[in-house]
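Results of the structural survey
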Amino acid sequence: MKIAVTSANGKLGSTIVKNLIESIGKDHVIGIARSPEKAKHLGIEIRKGDYNSREEFDIALQGIDVVMLLSGMDEPDKRIQQHRNVIDAAVSNSVKKIVYTSIVGDEKNTAFSPVVQSNRKTEQDVQNSGLEYAIGRNGIYIEPDLEYLDTYIKEGEIRNCAGDGKCAYTSRAELGYAYTKMLVEDKHNGKTYNLVGDAISQSELANYINQVFKTQLSYKSVTVQDYLSERKAALGDFLGTVIAGIYEGIKNGANNVPSDFEKGAGRPHKSILEVIRAYKNAI
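Criteria and cut-off values
Once a new chain begins, its residue numbering starts again from 1 and follows that chain's sequence as written. Selection of residues for local features in this predicted model requires a pLDDT of at least 70, selection of side-chain atom pairs for listing and counting requires 80 or more, and totals for whole chains, interfaces and linings are taken over all residues. Only heavy atoms go into the side-chain values, all of them from the structure, while hydrogens and water stay out. Secondary structure elements follow DSSP: runs of H or I no shorter than four residues count as helices, runs of E no shorter than two count as strands, and numbering proceeds from the N terminus. The globule rule used here is 2.2 Å times the number of residues to the 0.38 power, and the radius of gyration it is set against is calculated over C-alpha atoms. Only protein chains enter the accessibility calculation, which uses a 1.4 Å probe; a residue whose area is less than 20% of its type maximum is buried, one above 50% is exposed, and one in between is partly exposed. Note on areas: Shrake-Rupley with a 1.4 Å probe; residue coverage comes only from the protein chains shown. In this tally Asp and Glu are treated as negative and Lys and Arg as positive; neither His nor the chain ends contributes. Here the site of a charge means NZ on Lys, CZ on Arg, CG on Asp, or CD on Glu. A pocket, in this scheme, is an open set of points on a 1 Å grid over the protein atoms alone with protein on both sides within 12 Å along at least 5 of 7 lines, while a cavity is a set where a 1.4 Å probe fits but cannot get out; residues line either one if an atom lies within 4 Å of a point. Grid points are joined across faces, edges and corners, and a volume is the space filled by probe spheres set on the points. Ten residue types, Ala, Val, Leu, Ile, Met, Phe, Trp, Tyr, Cys and Pro, are classed as nonpolar, four, Asp, Glu, Lys and Arg, as charged, and the remainder, Gly among them, as polar. Any pair of N or O atoms that falls within 3.5 Å is considered a polar contact. Within protein, one atom must be able to donate a hydrogen and the other to accept it, and sequence-neighbouring residues count only if both atoms are side-chain atoms. Should any heavy atoms of two residues lie within 4.5 Å, those residues are considered in contact. Nine residue types can take part in a nonpolar core, namely buried Ala, Val, Leu, Ile, Met, Phe, Trp, Tyr and Cys, and a core is a set of them joined through side-chain atoms within 4.5 Å. Following DSSP output, two strands are said to pair if at least two bridges run between them. Handedness of a crossover: with both strands directed away from the viewer, a clockwise path from the first strand across the helix to the second marks it as right-handed.

When you go through the protein residue by residue, the secondary structure sums to 12 helices and 11 strands. Taking 2.2 N^0.38 as the reference for a compact globule, 283 residues should give roughly 19 Å; the C-alpha atoms of the protein span a radius of gyration of 19 Å, in line with that estimate. For the protein, the spread of C-alpha atoms along the principal axes amounts to about 55 × 35 × 35 Å. Here the protein holds 283 residues, and the buried ones make up 53% of them. Surface summary for the protein: the accessible area is close to 12,800 Å², and the carbon and sulfur share equals 46%. Between the averaged position of the 36 positive side-chain charges in the protein and that of its 37 negative side-chain charges there is a distance of 2 Å.

What follows is about the layout of surface pockets. Vacant regions in the atomic arrangement are exposed by a probe of water-molecule size rolled over the atoms. The calculated volume of the second largest pocket comes to roughly 450 Å³. Residue lining of the second largest pocket: 20 residues in total, with T15, E143, S171, R172 and A173 positioned closest to the centre. Mapped onto the lining of the second largest pocket, the elements with two or more residues apiece are α1 (11–24), α5 (143–147), α7 (172–184) and α12 (272–282). Residue classes in the lining of the second largest pocket are distributed as 9 nonpolar, 4 polar and 7 charged.

The subject of this paragraph is the side chain of S129. Topologically, S129 is positioned in the loop between α4 (113–127) and β6 (132–138). Of the polar contacts made by the side chain of S129, one reaches the backbone nitrogen of L131; its length is 3.2 Å. Ignoring any residue separated from it by four or fewer positions in sequence, one finds S129 in contact with I87 and V91.

Here we take up the nonpolar core. By size, the foremost hydrophobic cluster in this structure holds 48 residues, and its most contacted members are I16, L61, M68, I98, Y179, L183 and L195. In contact with L61, not counting residues within four places along its chain, are A4, I32, R47, V67, V86, A89, A90, N93 and V95.

The final tally for this structure, using the stated rule, is 1 cavity of 30 Å³ or more. Computed from the structure, the largest cavity encloses a volume of approximately 40 Å³. For the largest cavity, the full set of lining residues is V104, G105, D106, T110, F112, I140, G245, I246, G249, A254 and N255.

What follows deals with the pairing of strand β4 (residues 66–70). Most of β4 sits inside the fold, with 5 of its 5 residues counted as buried. Neither face of β4 is open: one carries V66, M68 and L70, the other V67 and L69, and all of them are buried. Across 3 bridges, strand β1 (residues 3–5) lies against β4 in parallel orientation. Note on β4: the bridge partner recorded for I3 is V66. Since β4 and strand β5 (residues 97–103) lie parallel, the crossover through helix α3 (residues 76–92) that links them has a hand, and here it is right-handed.

Quick look at the environment of V126 now. In this structure, V126 sits in helix α4. Using a relative accessible area of 0% as the deciding quantity, one classes V126 as buried. When the C-alpha atoms of V126 and I87 are compared, they prove to be 6.9 Å apart, with 39 residues separating the residues in sequence. Other than its neighbours up to four places away in sequence, V126 contacts I87, I98, Y100 and Y133.

Just distances and angles here, no functional claims.
Here it is, written out as structure tokens:
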């Protein structure tokens, strides 16, 4: 069996690749990357594949049995066709199965909703492809909060517009484990899973970070409009709007969803405290 992973040089893609190598051996894993030279460190065969090019994926997916389609990072209105290029090439190459990384989130009411909508459209395209499939809806990654820790410490707080809303976080390490199972095990075919851990509030997140890193952070809730203005000033209009939309979704309860992680991974999701400790031990 040959399994291809798109965006193999990205943080999630490389994590999935490493888990697959441990599971089925490197000779059975193919990495696909827009810039193949950036993925050579993975130690597997790398093929060129830009989401904008159907022709490149027609070549990249030759001889592939299963493809791991990671959601692209372009603007929402561009992603749908980009993903279709991969799906159509998979069909043309008689690929047997597609596994897709979708996302948890509010489909209508926030600035992040267009991203969620584009993911839902690709879910439909995968389901209508005629191929076997499995879909994971990823929770919000915990890593960006931990990578931002120096700023939190400098400011003495975690500040956003999530309020008392709870978010079912996950991590790239947990997702890498779950997606490997979904790729190699047929029992997941036709299933869509919420790949998340237990839902926690921002205050709980601050407390967990304090336990692990011996910090003294508190959580401060601000209005959606104030947070939107702050993020746009710091990150630009597009990304700032998206980030504010994510936290508005948390405030509205869109990320407080039941977990299907154990169904996909065969074991419970690690607690967020365990995930934070693992992150600290890895750095």
